[in-house]
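Chain and residue survey
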Amino acid sequence: MAMQRIELLGVSVDICRPEQLEAEILEILARPGTKQIVFLSVWDLLKARSKRNDFGQCIKEADLILPISKSILSGARFLKKAVPVRYNPFTATISILSVLDQHYKSLYLLGGRLKNLGQAERNVRQTFPNLQIVGRFTGYYAKSMESDIVQAIYKSSPSLTLVSDGIREKNLWSYHRRNSFSNSIFLYYRDAFGIFSDRIKRVSEKTFEKGHEIWTEIMHNPLKLFLLFPFLKYGILLMWYRLFRKNAQPKQ
């Protein structure tokens, strides 16, 4: 069964079953040019609706859009659409790296502090022995270093560039530079190197399954409590779409 893409509040979301993931990754790899996988939260979805920035276009053009918020699934169900599969970003990243490892592909690591990046690289090498790491560069770098980083990724042409903390533009980093690379997938996951280096404790599967991971984040950063306001906006938009956009057609 082929992967399905739906529209939720005008934003693209993919329905990719776990058993489809390997074939989808290999298919994306076979495409020419710069590709992108995106982990989509409900707050990202709201941001992607804005016409005042290019984040929406970045999401629209992404090759694989995996929802990570339980609210996206409940929103699709509320609007009587096909319901996507929700992915834990950590386990999804491990699954993607496992596919690359099984097929002897290559990886570039971008982000993190030097010590954490080094430890993350060692742990990745140990866990995925067939995955060739063709380069790495820390995040939080000086602007003058950027052309060297872009050139290094272009020359090494990795199957996947895993982007983590310390990259200010996050998902937009690769999107804004998509014409500078030849044939790579880019995946931004902020906590990747922190977890891989044992600096950050990942959210438990039980907490994630319940959709309570936001409360863990709020405990670490109380300012994230303000994320509840856009969440209320999300609920209002869903109700509006349910009542007044029943016959609206998805954007092409």
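Now for a look at the structure at hand.

Cut-off values and rules
Residues numbered from 1 in each chain as written. Predicted model: local features only at pLDDT ≥ 70, side-chain atom pairs only at ≥ 80, totals over all residues. Heavy atoms only, no water. Salt bridge = Lys/Arg side-chain N within 4 Å of Asp/Glu carboxyl O. Helix = DSSP H or I, 4+ residues; strand = E, 2+ residues; numbered from the N terminus. Buried < 20%, exposed > 50% of the residue type's maximum accessible area, 1.4 Å probe, protein only. Phe/Tyr/Trp six-rings, centres within 6.5 Å; stacked < 30°, edge-to-face > 60°. Lys NZ or Arg CZ within 6 Å of the ring centre and 35° of its normal. Pairing = 2+ DSSP bridges. Axes fitted to C-alpha atoms, helices over the stretch in contact; angles between N-to-C directions. Polar contact = N/O pair within 3.5 Å; in protein donor to acceptor, adjacent residues only side chain to side chain. Contact = heavy atoms within 4.5 Å.

1. Quick look at the pattern of salt bridges
- One pass over the full model with this rule turns up eleven salt bridges.
- One salt bridge connects Asp-63 with Arg-31, and the closest N-O pair in it is separated by 2.8 Å. Remark: Arg-31 occurs in the loop between α1 (21–30) and β3 (35–40) and Asp-63 occurs in the loop between α3 (55–61) and β4 (64–67); sequence separation between them is 32 residues.
- You can call Asp-63 buried: its relative accessible area is 15%.

2. Quick look at the packing of aromatic side chains
- All chains considered together, the criterion is met by nine aromatic pairs.
- Ring geometry for Phe-231 versus Tyr-234: centroids 6.3 Å apart, planes at 40°, classification tilted. You can see Phe-231 and its partner Tyr-234 sitting in helix α12 (residues 228–244), three residues apart, about one turn around the helix.
- The partly exposed category is assigned to Phe-231, whose relative accessible area is 35%.
- Put simply, the rings of Trp-173, Phe-181 and Phe-186 pair up and form one aromatic cluster.
- For Lys-47, the ring lying beneath its charged end belongs to Phe-55, and the centroid distance is 4.7 Å.
- Taking the ring centre of Phe-78 as reference, the NZ or CZ of Arg-242 above it sits at 4.6 Å.

3. A closer look at the sheet that holds β3
- Taken in spatial order, the six strands of this open sheet run β4-β3-β8-β7-β5-β6, and their pairing is parallel. Looking at strand neighbours, the two that pair on one side only are β4 and β6 (132–137), the edges of this open sheet. Within this sheet the neighbouring strands show an average axis-to-axis angle of 20°, counted without direction.
- Pairing of strand β5 (residues 106–110) with strand β7 (residues 160–163) involves four bridges; the strand directions are parallel. Bridge assignment links Leu-107 to a residue of β7, and that residue is Leu-160.

4. Notes on the side chain of Glu-146
- When you line up the elements, Glu-146 lands in helix α7 (residues 146–156).
- A residue is classified by how much of its surface remains accessible, and Glu-146, at 14% relative accessible area, is buried.
- Among the polar contacts made by the side chain of Glu-146, one reaches the side chain of Tyr-141 at a distance of 3.0 Å.
- At 2.9 Å, the side chain of Glu-146 and the side chain of Arg-177 are in polar contact.
- Sequence-distant contacts of Glu-146, defined by excluding residues within four places in its chain, comprise Tyr-141, Trp-173 and Arg-177.

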